[in-house]
Amino acid sequence: MIKRDIKEAVQKRLDDQKAIVLFGPRQVGKSTLIQQLSSDFNQPVTHWNGDDADIRTLLSNPTSSLLKTYLGNTRTLVIDEAQRIQNIGLTIKIIIDQLPEVKVIATGSSSFELANHINEPLTGRKWEFQLFPFSFSEMANHQGVLEEKRLLPVRLVYGSYPEIINYPGEEETRLKHLTDSYLYKDILTWERIQKPDKMEKLVQALAFQVGSEVSYHELGQLTGLDNQTVERYIDLLEKVFIVFRLGSLSRNLRNELKKSQKYYFYDNGLRNAVINQFSPANLRQDIGALWENYLISERMKFLSYQQINTNRYFWRTHAQQEIDYIEERNGEMSAFEFKWNPKSKARFSKTFLNAYPDTRLTKIMTPENYMEFIYQ
């Protein structure tokens, strides 16, 4: 079994009164991780699943007395797919405040904001973690660095969802099943979207624009949606962990792009599945976009699992000067360019370096040195 990098960090939080909330896309392995931790849970354990209609009904109007009745002598409560339970944050708050002997462990495949029609009530009462598809680090620890590096072209096309890793040879079928069955489930459950076909077109449009600046107006023209609906739908896609955004760095120069953003997919395989493109990496015209999406998503996994706080940006001017990725930590910046061809040459803009003299590192990341970026 592939060990998850986040396991020890979660394990350390099992003995206090705060809830543990584990977020991540559907089918990413949240329930499996909880099962791996179960030997450390205080007994007895009660399991609830938000996908079950009776559980959702049971908790539709919770009170402390009802929860005490439901839980009895429970010492650990595990709630899978908690985001499907309306006002789940309030339910967990009542348990923490009124039943302090019960440790709550909740998993969610979308932000609880989708289920809560009140302000988030768990401030100061939870430890929050995020689980991703398998990371380079996890796979390298499982099967060796050299083998994982050898499989880079496969990861660029099929990604690293657990089901995809565990069933080699069935990647395309299982990715299509994943996107058809789970991709929009939480959005459609809570938001009652009237035109799911247009939501699908929007996801496809974002997939074709990975690594490029996104215009809500342009996306609206492609999908037949108005700008406000495009923005709302993209916000929902972020809350269910399908895409994430990278904002533009803009502080010093008049001609820097302001309030621009790029969107990336949490997983390359998911991105390729929504546009039904599974050609080998060496034949892809979009290999640059695949490479950029892979590196940025892997870097995000590393930073999250190592609990490193950093600001992340891209940079571009109206004169088309650009840098793919920038991290800012403790007042210092590091700038990176991503090139699939190791022989490609890139120069870092003097305009940028003059405007941001605290930049301590500039580096071009290729298949020859990418471990320095995603694994350290």
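What you see is a predicted model; the values in this text were computed from it and never measured. (Residues numbered from 1 in each chain as written. Predicted model: local features only at pLDDT ≥ 70, side-chain atom pairs only at ≥ 80, totals over all residues. Heavy atoms only, no water.)

A.B. asks: Would you mind showing me how to read the sheet that holds strand β9 (residues 322–329) here?
C.D. replies: For sheets, the rule is that strands pair by backbone hydrogen bonds, running either parallel or antiparallel. The sheet built from six strands is open, its strands ordered β7-β6-β8-β9-β10-β11 with mixed pairing. The open sheet has two edge strands with one neighbour each: β7 (261–265) and β11 (359–365). Each neighbouring strand pair of the sheet contributes to a mean axis angle of 30°, computed without reference to strand direction. Note that β9 and strand β10 (residues 332–338) share five bridges and pair antiparallel. Across the sheet, the residue bridging to Tyr 325 is Phe 336, located in β10. (Pairing = 2+ DSSP bridges. Helix = DSSP H or I, 4+ residues; strand = E, 2+ residues; numbered from the N terminus. Axes fitted to C-alpha atoms, helices over the stretch in contact; angles between N-to-C directions.)

A.B. asks: What's the story with the pattern of salt bridges in this structure? I'm lost.
C.D. replies: Two side chains bearing opposite charge may form a pair once their charged atoms approach each other closely. Counting across every chain of the model gives 24 salt bridges. In this structure, Lys 262 engages Glu 292 in a salt bridge whose closest nitrogen and oxygen atoms are separated by 3.9 Å. Within this pair, whereas Lys 262 is found in strand β7, its partner Glu 292 is found in helix α16 (residues 287–305), the two being separated by 30 residues in sequence. Here the two residues Lys 262 and Glu 292 agree in accessibility, since each one is buried. The shortest N-O distance in the salt bridge between Lys 363 and Glu 372 comes to 2.6 Å. (Salt bridge = Lys/Arg side-chain N within 4 Å of Asp/Glu carboxyl O. Buried < 20%, exposed > 50% of the residue type's maximum accessible area, 1.4 Å probe, protein only.)

A.B. asks: Is there a simple way to think about the pairing of strand β1 (residues 19–23) in this case?
C.D. replies: Look at any regular strand and the pattern is simple: side chains alternate between the two faces of the sheet. The element β1 is extensively covered by neighbouring structure, given that five of its five residues are classed as buried. The sheet contact formed by β1 and strand β5 (residues 126–130) spans five bridges and is parallel. In the sheet register, Phe 23 faces β5, and the bridge partner there is Gln 130. Note: β1 against strand β4 (residues 103–108), four bridges, orientation parallel. From the neighbouring strand, Val 21 faces β4, where its bridge partner is Ala 106.

A.B. asks: Would you explain the environment of Leu 222 in this entry?
C.D. replies: Inspection of the secondary structure puts Leu 222 in helix α13 (residues 216–223). Through-space distance from the C-alpha of Leu 222 to that of Ala 273 is 19 Å; in sequence the pair is 51 residues apart.

A.B. asks: Would you mind showing me how to read the pairing of β9 here?
C.D. replies: Extensive coverage of β9 is indicated by the burial of six of its eight residues. Between strand β8 (residues 311–316) and β9, which pair antiparallel one after the other, the connecting turn spans five residues, and Gln 320 there sits at a positive phi close to 75°. A loop of two residues connects β9 with β10, the two strands running antiparallel in sequence, and Asn 330 in this loop sits at a positive phi of about 55°.

A.B. asks: Is there a simple way to explain the nonpolar core in this structure?
C.D. replies: Soluble globular proteins tend to bury their nonpolar side chains together. Of all hydrophobic cores here, the largest spans 83 residues; its most connected members are Leu 206, Leu 237, Phe 265, Tyr 294, Leu 295 and Phe 338. Setting aside anything within four residues of it in sequence, one finds Tyr 294 in contact with Phe 136, Leu 152, Arg 155, Leu 156, Asn 268, Tyr 370 and Ile 374. Counting residues in each nonpolar core, the second largest holds 20 residues, with Ala 19, Ile 94, Ile 96 and Leu 99 among its members. (Core = buried A, V, L, I, M, F, W, Y, C linked by side-chain atoms within 4.5 Å. Contact = heavy atoms within 4.5 Å.)

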